[in-house]
Amino acid sequence: MTIRVLVADDHAAVRAGIVLILEGQEDIEVVGQASDGEQAVAMALGLRPDVVLMDIRMPKLDGISATRELSGITDVLILTTFDIDEYIFGALRAGAAGFLLKNTDADALVDAVRVVARGDGLISPSVTRRLISAFGTAVPERRPQEVGGLTPREREVLACIGRGMSNAEISVELDMAEATTKTHVSRLLNKLGLRSRVQAAILAQELSSGTGT
């Protein structure tokens, strides 16, 4: 399956470099390029790419606001120069599927696009702990009955997400088909009102550490 990608960055040279890297892959097709946040949202709504590579600092509409508008419509992978907590947490709250720095090498960038396209998030336990310790409100407060509304299997999947596991890894861990795992992830996100599996991972870590409600 070909992964359809939209690249949004206000620097033409940066966009060209990213496009060059991605178009060198047989399984990736760049379907559009946007030079500002408003254009990114409009193009994403029209083209419905599998992944949007989104810069943060852009004119007209910043990348975080654009990500918020696209939440639930397409997966957004933030690609920025700035490793700033405000940007990281803001992007993940907005529903970004991952956060990557522009100094990432080409292979890692391509791998990240593939990971997000599979429905997995770019999250690790160390990043999750950082989010929780710095921003206890990284996900909306959950009442006990909301989390209690999950099925036993959905709770197992949520715990695996909190451990930073991909859908494929969860499928092996819980001995079920990957398509079934994706269904469980989608359902638990809907039940909990979360924008992304990254937010689900934060919630899972809060629950396991006793900081959640």
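Each chain carries its own residue numbering, running from 1 in the direction its sequence is written. At least 70 in pLDDT is required for a residue's local features to be given in this predicted model, at least 80 for side-chain atom pairs to be given and counted, and no such filter applies to totals for whole chains, interfaces and linings, which use all residues. Neither water nor hydrogens contribute to the side-chain values; these are computed over all heavy atoms in the structure.

**Points about the overall build of the protein chain**
The criterion, for reference: Helix and strand assignments come from DSSP, with helices taken as H or I runs of at least 4 residues and strands as E runs of at least 2, each series counted from the N terminus. Burial classes: relative accessible area under 20% of the type maximum marks a residue as buried, over 50% as exposed, and values in between as partly exposed (1.4 Å probe, protein chains only). We call two residues in contact when some of their heavy atoms are within 4.5 Å. Per-residue and other accessible areas follow the Shrake-Rupley method at a 1.4 Å probe size, with only the shown protein chains counted as cover for residues.
The helix and strand tally for the protein chain stands at 11 helices and five strands. Looking at the protein chain as a whole, 47% of its 213 residues qualify as buried. Considering only intrachain contacts with a sequence separation of at least 6, the fraction spanning at least 24 residues in the protein chain is 63%. Accessible surface, the protein chain: about 9,900 Å² in total, of which carbon and sulfur atoms supply 50%.

**A short note on the packing of helix H8 (residues 152-162) against helix H9 (residues 167-174)**
To characterise two packed helices, one gives the angle between the axes of the helices and the distance between these axes. Put simply, the test is: Here an axis means a line fitted to C-alpha atoms, over the contact stretch when the element is a helix, while the angle between two N-to-C directions is reported on a 0 to 180 degree scale. When describing relative orientation, an angle under 35 degrees is termed roughly parallel and one over 145 degrees roughly antiparallel, while 65 to 115 degrees is termed roughly perpendicular and anything else oblique. It is the rotation of the near helix from the far one that decides the hand of a crossing: anticlockwise by less than a right angle makes it left-handed, clockwise makes it right-handed. Three classes are used: nonpolar for Ala, Val, Leu, Ile, Met, Phe, Trp, Tyr, Cys and Pro, charged for Asp, Glu, Lys and Arg, and polar for all others, with Gly counted as polar.
The contact between H8 and H9 brings their axes to 10 Å, and the two run at 130°. Classed by the angle they form, the pair H8 and H9 counts as oblique. Pair H8 / H9 crosses with right-handed handedness. For the pair formed by H8 and H9, the contact residues are Arg153, Glu156, Val157, Cys160 and Ile161 on the first element and Ile170, Glu173 and Leu174 on the second. The residue inventory of the contact of H8 with H9, partitioned by class, reads five nonpolar, no polar and three charged.

**Notes on the layout of surface pockets**
The following threshold applies: Any residue with an atom within 4 Å of a point lines the site, the site being either a cavity, points on a 1 Å grid over the protein atoms alone where a 1.4 Å probe fits but cannot get out, or a pocket, an open set with protein on both sides within 12 Å along at least 5 of 7 lines. Grid points are joined across faces, edges and corners, and a volume is the space filled by probe spheres set on the points.
One number sums up the size of the largest pocket: a volume of about 560 Å³. Counting residues per element, the ones that place at least two in the lining of the largest pocket are helix H5 (106-117) and helix H10 (178-192). In terms of residue count, the dominant contributor to the lining of the largest pocket is H10 (five residues). Partitioning the lining of the largest pocket into residue classes produces 10 nonpolar, eight polar and seven charged.

**So, the nonpolar core**
Quick note on the threshold: Here, the term nonpolar core denotes a set of buried Ala, Val, Leu, Ile, Met, Phe, Trp, Tyr and Cys residues that are joined through side-chain atoms within 4.5 Å.
Judged by nonpolar contacts, the single largest core of 25 residues is most densely connected at Val52, Met54, Leu70, Ile78 and Phe99. Within the residue set of this core, elements represented by two or more residues are strand S1 (3-8), helix H2 (37-47), strand S3 (51-54), helix H3 (63-70), strand S4 (75-80) and helix H4 (85-94). A total of six residues in this core trace back to one element, the largest contributor, which is H4. Not counting chain neighbours up to four residues away, the residues in contact with Leu70 comprise Val41, Ala44, Leu45, Val52, Met54 and Val76.

**Re the sheet that holds S3**
Across a sheet, paired strands are connected by hydrogen bonds in the backbone, their directions being either parallel or antiparallel. Note the threshold: By the convention used here, strands pair only if DSSP detects at least 2 bridges between them.
Taken together, the five strands give an open sheet; going across it, the order is S2-S1-S3-S4-S5, and neighbouring strands pair in parallel fashion. Both edges of this open sheet fall to strand S2 (28-34) and strand S5 (98-101), since each of them pairs with a single strand only. Taking the axes of each pair of neighbouring strands and ignoring which way they run, one obtains an average angle of 25° across the sheet. Sheet topology places S4 next to S5; four bridges connect them, and they run parallel. Of the residues in S5, the one forming a bridge with Leu79 is Leu100. Packing against the sheet, helix H1 (residues 12-23) makes contact with S1, S2, S3 and S4, and its axis sits at approximately 165° to S2. Strand contacts of H2: S1, S2 and S3, with the helix running at about 140° to S2, the strand carrying the most contacts.

**A short note on the pattern of salt bridges**
In a structure, side chains of opposite charge can pair up when their charged atoms sit close to one another. Basically, it comes down to this: In the sections that follow, a salt bridge refers to a side-chain nitrogen of Lys or Arg positioned within 4 Å of a carboxyl oxygen of Asp or Glu.
The full count for this structure, using the stated rule, is eight salt bridges. A salt bridge links Asp36 to Lys60; the shortest N-O distance between them is 3.9 Å. Taken together, the residues Asp36 in the loop between S2 and H2 and Lys60 in the loop between S3 and H3 connect sequence positions 24 residues apart. When the shortest N-O distance is used, the salt bridge between Arg114 and Asp111 registers 3.7 Å. Remark: Asp111 and Arg114 occur in helix H5; sequence separation between them is three residues, near one turn of the helix.

**Digging into the side chain of Asp55**
The condition is simple: Any pair of nitrogen or oxygen atoms within 3.5 Å is treated as a polar contact; in protein, a donor-acceptor pairing is required on top of that, and neighbouring residues in sequence qualify only through side-chain atoms on both sides.
Residue position: Asp55 is located in the loop between S3 and H3. There is a polar contact of 3.5 Å between the side chain of Asp55 and the side chain of Lys102. What Asp55 contacts, discounting residues up to four positions off in sequence, is Ala8, Asp9, Asp10, Gly63, Leu79, Thr80 and Lys102.

**Notes on unusual backbone geometry**
With glycine set apart, most residues show a phi of negative sign, and most peptide bonds adopt trans. Positive phi, normally seen in glycine, also occurs at Arg48, with a value near 50°. If you trace the backbone, Arg48 turns up in the loop between H2 and S3. Backbone geometry at Lys60 places phi at a positive 70°, although glycine is not the residue there. Note on Lys60: relative accessible area 64%, which makes it exposed.

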